[in-house]
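# Secondary and tertiary structure notes
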Amino acid sequence: MHKWIFGRAWPDLLFVLFPGMIAILLLLLVSEVSLTYVVLAFFAATFLDTGHVYTTVWRTFFRKKEVTCSKLYWIAPLCVFFGFYLWSFAGLPFL
(Lines give C-alpha, C1' and ligand atoms only; values in the text may rest on other atoms or scores of the structure.)
Protein backbone atom coordinates (compact mmCIF):
# COMPACT_ATOMS: atom_id res chain seq x y z
CA MET A 1 0.00 0.00 0.00
CA HIS A 2 1.23 3.47 -0.84
CA LYS A 3 1.91 6.02 1.83
CA TRP A 4 0.18 8.64 -0.37
CA ILE A 5 -3.51 8.58 -1.22
CA PHE A 6 -3.00 9.10 -4.96
CA GLY A 7 0.35 7.29 -5.12
CA ARG A 8 2.63 10.37 -5.04
CA ALA A 9 2.97 13.55 -2.98
CA TRP A 10 2.06 16.08 -5.69
CA PRO A 11 -1.40 14.71 -6.52
CA ASP A 12 -2.17 14.50 -2.80
CA LEU A 13 -1.19 18.12 -2.29
CA LEU A 14 -3.06 19.23 -5.39
CA PHE A 15 -6.35 17.45 -4.72
CA VAL A 16 -6.46 17.16 -0.92
CA LEU A 17 -4.66 20.13 0.64
CA PHE A 18 -4.57 22.84 -2.02
CA PRO A 19 -8.38 23.27 -2.45
CA GLY A 20 -8.74 24.09 1.24
CA MET A 21 -6.03 26.72 1.02
CA ILE A 22 -7.74 28.30 -2.00
CA ALA A 23 -11.04 28.41 -0.10
CA ILE A 24 -9.40 30.14 2.86
CA LEU A 25 -7.80 32.73 0.57
CA LEU A 26 -11.13 33.39 -1.18
CA LEU A 27 -12.90 33.83 2.14
CA LEU A 28 -10.25 36.33 3.25
CA LEU A 29 -10.82 38.39 0.10
CA VAL A 30 -14.61 38.60 0.46
CA SER A 31 -16.52 40.78 2.92
CA GLU A 32 -18.09 38.82 5.77
CA VAL A 33 -21.52 40.38 5.32
CA SER A 34 -22.01 39.41 1.69
CA LEU A 35 -23.90 36.55 0.12
CA THR A 36 -20.68 35.56 -1.63
CA TYR A 37 -19.08 34.89 1.75
CA VAL A 38 -21.95 32.62 2.76
CA VAL A 39 -21.82 30.72 -0.53
CA LEU A 40 -18.04 30.27 -0.34
CA ALA A 41 -18.22 29.20 3.30
CA PHE A 42 -20.92 26.63 2.44
CA PHE A 43 -18.85 25.34 -0.48
CA ALA A 44 -15.74 25.09 1.70
CA ALA A 45 -17.54 23.26 4.49
CA THR A 46 -19.47 20.94 2.22
CA PHE A 47 -16.97 19.96 -0.44
CA LEU A 48 -13.47 20.88 0.68
CA ASP A 49 -13.57 20.13 4.38
CA THR A 50 -15.03 16.69 3.82
CA GLY A 51 -12.28 15.71 1.39
CA HIS A 52 -10.81 13.26 3.87
CA VAL A 53 -14.08 11.35 3.80
CA TYR A 54 -14.02 11.07 0.00
CA THR A 55 -10.41 9.94 -0.07
CA THR A 56 -11.04 7.36 2.64
CA VAL A 57 -13.99 5.95 0.70
CA TRP A 58 -11.86 5.91 -2.45
CA ARG A 59 -9.10 3.93 -0.69
CA THR A 60 -11.36 1.45 1.11
CA PHE A 61 -14.85 0.88 -0.25
CA PHE A 62 -13.83 1.03 -3.92
CA ARG A 63 -11.10 -1.58 -3.45
CA LYS A 64 -12.61 -5.02 -3.42
CA LYS A 65 -9.61 -6.46 -1.57
CA GLU A 66 -10.03 -3.92 1.27
CA VAL A 67 -13.79 -4.27 1.65
CA THR A 68 -13.83 -8.04 1.77
CA CYS A 69 -11.07 -8.23 4.37
CA SER A 70 -12.74 -6.18 7.09
CA LYS A 71 -16.27 -5.78 8.36
CA LEU A 72 -15.05 -2.89 10.50
CA TYR A 73 -15.54 -0.56 7.52
CA TRP A 74 -19.27 -1.05 7.91
CA ILE A 75 -19.55 -1.56 11.67
CA ALA A 76 -17.63 1.55 12.76
CA PRO A 77 -19.73 4.11 10.79
CA LEU A 78 -22.95 2.48 11.97
CA CYS A 79 -21.81 2.61 15.60
CA VAL A 80 -20.84 6.28 15.26
CA PHE A 81 -24.19 7.08 13.63
CA PHE A 82 -26.21 5.34 16.33
CA GLY A 83 -24.04 6.86 19.06
CA PHE A 84 -24.71 10.38 17.82
CA TYR A 85 -28.38 9.57 17.24
CA LEU A 86 -28.81 8.35 20.81
CA TRP A 87 -26.86 11.34 22.13
CA SER A 88 -29.14 13.73 20.25
CA PHE A 89 -32.30 11.79 21.12
CA ALA A 90 -31.43 11.80 24.82
CA GLY A 91 -30.86 15.55 24.76
CA LEU A 92 -27.45 15.31 26.36
CA PRO A 93 -25.38 18.50 26.26
CA PHE A 94 -22.24 19.28 24.22
CA LEU A 95 -23.16 17.53 20.98
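On a predicted model such as this, the values are computed, not experimentally measured, just so you know. (Residues numbered from 1 in each chain as written. Predicted model: local features only at pLDDT ≥ 70, side-chain atom pairs only at ≥ 80, totals over all residues. Heavy atoms only, no water.)

## Remarks on helix α1 (residues 9–29)
Helix length check: α1, at 21 residues, gives a terminal C-alpha distance of 29 Å against a target of 30 Å (1.5 Å per residue), a fit within 8%. The largest bend in α1 amounts to roughly 45 degrees and is located at Phe18, with the proline Pro19 lying one to four residues further along. (Helix = DSSP H or I, 4+ residues; strand = E, 2+ residues; numbered from the N terminus. Expected span 1.5 Å × (residues − 1). Bend = angle between axes of the 7 residues up to and from the residue.)

## A closer look at the packing of aromatic side chains
Within this structure, the stated rule accounts for 4 aromatic pairs. Ring plane angle 70 degrees and centroid distance 5.3 Å describe the contact between Phe81 and Phe82, whose orientation is recorded as edge-to-face. For Phe82, a relative accessible area of 47% gives the class partly exposed. Aromatic pair Phe81 and Tyr85: ring centres 6.4 Å apart, planes at 20 degrees, arrangement stacked. Of the two residues, Phe81 and Tyr85 both sit in helix α5 (residues 72–90), 4 residues apart, roughly one turn of that helix. Residue Tyr85 is classed as partly exposed on the basis of its relative accessible area, which comes to 46%. Taken together, Phe81, Phe82, Tyr85 and Phe89 form an aromatic cluster joined through their ring pairs. (Phe/Tyr/Trp six-rings, centres within 6.5 Å; stacked < 30°, edge-to-face > 60°. Buried < 20%, exposed > 50% of the residue type's maximum accessible area, 1.4 Å probe, protein only.)

## A look at the confidence of the model for the chain
With 86% of its residues at a pLDDT of at least 70, the chain reaches an overall mean of 77. Averaged pLDDT values over the elements of the chain bottom out at 64 in helix α4 (residues 64–69) and peak at 87 in α5. (pLDDT = per-residue confidence, 0-100.)

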